[in-house]
Amino acid sequence: QVQLAESGGGLVQAGDSLTLSCAASGRTFSRYTMGWFRQAPGKEREFVAGIGWGQFSLLYAEFVEGRFEISRDNAKNTMSLQMNSLRPEDTAVYYCAADPLGPYNPPTNQNEYDFWGQGTQVTVSS
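Residues numbered from 1 in each chain as written. Predicted model: local features only at pLDDT ≥ 70, side-chain atom pairs only at ≥ 80, totals over all residues. Heavy atoms only, no water.

To continue, consider the overall build of the chain. When its secondary structure is counted, the chain shows zero helices and 11 strands. Starting at the N terminus, the α and β elements of the chain follow one another as β-β-β-β-β-β-β-β-β-β-β. Relative to a compact globule of 126 residues, whose C-alpha radius of gyration would be 14 Å, the chain shows 13 Å and is just as compact. Principal axes of the C-alpha set define a box for the chain whose edges measure 40 × 25 × 25 Å. Among the 126 residues that make up the chain, the fraction classed as buried is 45%. Across the chain, every contact between residues at least 6 apart in sequence was considered, and the portion connecting residues at least 24 apart equals 59%. For the chain, the exposed area adds up to about 6400 Å²; of that, 46% sits on carbon and sulfur atoms. Here the chain contributes 9 positively and 13 negatively charged side chains, and the mean placements of these two sets differ by 5 Å. (Helix = DSSP H or I, 4+ residues; strand = E, 2+ residues; numbered from the N terminus. Rg over C-alpha atoms; globule rule 2.2 N^0.38 Å. Buried < 20%, exposed > 50% of the residue type's maximum accessible area, 1.4 Å probe, protein only. Contact = heavy atoms within 4.5 Å. Areas by Shrake-Rupley, 256 points an atom, 1.4 Å probe, with all protein chains shown as cover. Lys, Arg positive; Asp, Glu negative; His and termini not counted. Charge placed at Lys NZ, Arg CZ, Asp CG, Glu CD.)

The structure is reproduced here in C-alpha cells:
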C-alpha cells in the first residue's frame, strides 16, 4: 500500500509563489510515476503536472504556462511542485498521485494513477 501525504498549501496573494510537497512511502519510489492534480470548486479534477519514474520525463498542463516546476527527490521519496506567479484561478485542492508501475512518461488521466494523497488546499487571493 502506497501512502502519499501532501503539504505546503496555504493562502497566498496573486503573483506569489508556493511549493507543494508530496511524501511517499515505498521502497521503489524511484520507479513510481508521479503526478499532481487539482480540483477547484465546481470544477472537475484536472491534471497539473507529472513526472516519470526516470525523473527526466516531465509534463505540464497548458494552463501552467511555464509557471510551475515539478521535481522529485528519489533519495527522499518526495515530489515537489514549485508554483510561481500564482493566479486566483489556481485556487484548488492539490492532490499528489502515484502509479507504482507507471510508465516512463506520466499520464494526464487521473484514472491511470492508483494512489492519492488527501490533498492540500491552495488559495490565491486577488
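Let's shift gears to the pairing of strand β1 (residues 4-7). The two faces of β1 differ: Leu-4 and Glu-6 on one face are buried, but Ala-5 and Ser-7 on the other face are not. Here four bridges tie β1 to strand β3 (residues 18-24), and the two strands are oriented antiparallel to one another. Bridged to Ala-5 within β3 is Ala-23. (Pairing = 2+ DSSP bridges.)

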